[in-house]
Amino acid sequence: MDPQIDAPFIPLETILSGKDSALLCLLPGMAHTAPQRIEDSNIVLRHLCADALKEILLYLNPDKVINLLIEFVEKLEKIFGTKFSNAQKLKIVVHTGCALERQITHNSIKYNKALAGEIEPLKLDKVKRTASVFERILQITLDEDELSYIAAMI
């Protein structure tokens, strides 16, 4: 929402979409910065994800896991052959970060088919294979309920 103050306003949706990154030059301290390429817009997404996780996570260090979470999303894009919107990436990263923490605290959530819908087995299998990165690097295994919620976001 535009706060109606004497400053440039850039809607969050514009930043998340990765479009019109030249608008970022309007921000204070960015006046002499060249416009970012679309590929570089991930830096904004990375900071938004890290900030959100810093507010939520208690045990996992967002600065330590953010690269792994972004890598997870990139691998999901590759295995599904699609490009997620930045808003969808943010949602997957934050949910997955929280899911990892829930596994650490043994407080995982149960997948509600009535609320989130039925998950196609092949879709769930792809998410499961991609999530093996957490097992390999963090020694954390996401249970099927957590993986089902991630699959439902795709």
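Structure: see above.
Summary of the structure given here. (Residues numbered from 1 in each chain as written. Predicted model: local features only at pLDDT ≥ 70, side-chain atom pairs only at ≥ 80, totals over all residues. Heavy atoms only, no water.)

### Re the environment of asparagine 61
Part 1 of the reasoning: As for its placement among the helices and strands, asparagine 61 is situated in the loop between helix H2 (42–56) and helix H3 (62–80).
Part 2 of the reasoning: In this structure, the C-alpha to C-alpha distance between asparagine 61 and glycine 97, residues 36 residues apart in sequence, is 9.8 Å. (Helix = DSSP H or I, 4+ residues; strand = E, 2+ residues; numbered from the N terminus.)

### Points about the packing of aromatic side chains
Part 1 of the reasoning: As enumerated under the stated definition, the model contains 2 aromatic pairs in all.
Part 2 of the reasoning: Ring centres 4.9 Å apart and planes at 50 degrees place the aromatic pair phenylalanine 72 and phenylalanine 134 in the tilted group. Here the residue phenylalanine 72 occupies a position in helix H3, and phenylalanine 134 occupies one in helix H7 (residues 132–138), the gap between them amounting to 62 residues. Taken individually, phenylalanine 72 and phenylalanine 134 each receive the classification buried, so the pair is uniform in this respect.
Part 3 of the reasoning: Judged by centre distance (4.7 Å) and plane angle (70 degrees), the rings of tyrosine 111 and tyrosine 149 are edge-to-face. (Phe/Tyr/Trp six-rings, centres within 6.5 Å; stacked < 30°, edge-to-face > 60°. Buried < 20%, exposed > 50% of the residue type's maximum accessible area, 1.4 Å probe, protein only.)

### Here's the deal with the pattern of salt bridges
Part 1 of the reasoning: Summed over the entire model, instances satisfying the criterion amount to 8 salt bridges.
Part 2 of the reasoning: When the shortest N-O distance is used, the salt bridge between lysine 89 and glutamate 77 registers 3.6 Å. Note that lysine 89 is positioned in helix H4 (residues 86–104) and glutamate 77 in helix H3, a separation of 12 residues in sequence.
Part 3 of the reasoning: Given the relative accessible area of 6%, lysine 89 is considered buried.
Part 4 of the reasoning: Residue glutamate 77 is classed as buried on the basis of its relative accessible area, which comes to 8%.
Part 5 of the reasoning: Taken together, the shared-partner salt bridges in this structure form one network comprising Glu77, Lys83 and Lys89. (Salt bridge = Lys/Arg side-chain N within 4 Å of Asp/Glu carboxyl O.)

### Section: H2
Part 1 of the reasoning: The end-to-end C-alpha distance of H2, which contains 15 residues, comes to 21 Å, matching closely the 21 Å that a straight helix rising 1.5 Å per residue would cover.
Part 2 of the reasoning: What H2 keeps buried is the set Val44, Leu45, Cys49, Ala50 and Leu53. (Expected span 1.5 Å × (residues − 1).)

### Description of unusual backbone geometry
Part 1 of the reasoning: Positioned with a positive phi, histidine 106 is a non-glycine residue whose angle comes to about 55 degrees.
Part 2 of the reasoning: Along the chain, histidine 106 turns up in the loop between H4 and helix H5 (113–116).
Part 3 of the reasoning: Backbone geometry at glutamine 139 places phi at a positive 60 degrees, although glycine is not the residue there.
Part 4 of the reasoning: Looking at where glutamine 139 falls in the secondary structure, it is placed in the loop between H7 and helix H8 (144–153).

### Description of the packing of H4 against H8
Part 1 of the reasoning: It is at 10 Å that the axes of H4 and H8 come closest, and there the two elements cross at 180 degrees. Comparing the axis directions of H4 and H8 gives the class roughly antiparallel. Contacts between H4 and H8 involve Gln88, Lys91, Ile92, His95, Thr96, Ala99, Arg102 and Gln103 from the first element and Glu146, Tyr149, Ile150 and Met153 from the second.
Part 2 of the reasoning: When the residues that make up the contact of H4 with H8 are grouped by side-chain class, the tally is 5 nonpolar, 4 polar and 3 charged. (Axes fitted to C-alpha atoms, helices over the stretch in contact; angles between N-to-C directions. Parallel < 35°, antiparallel > 145°, perpendicular 65-115°, else oblique. Contact = heavy atoms within 4.5 Å. Nonpolar A, V, L, I, M, F, W, Y, C, P; charged D, E, K, R; others polar.)

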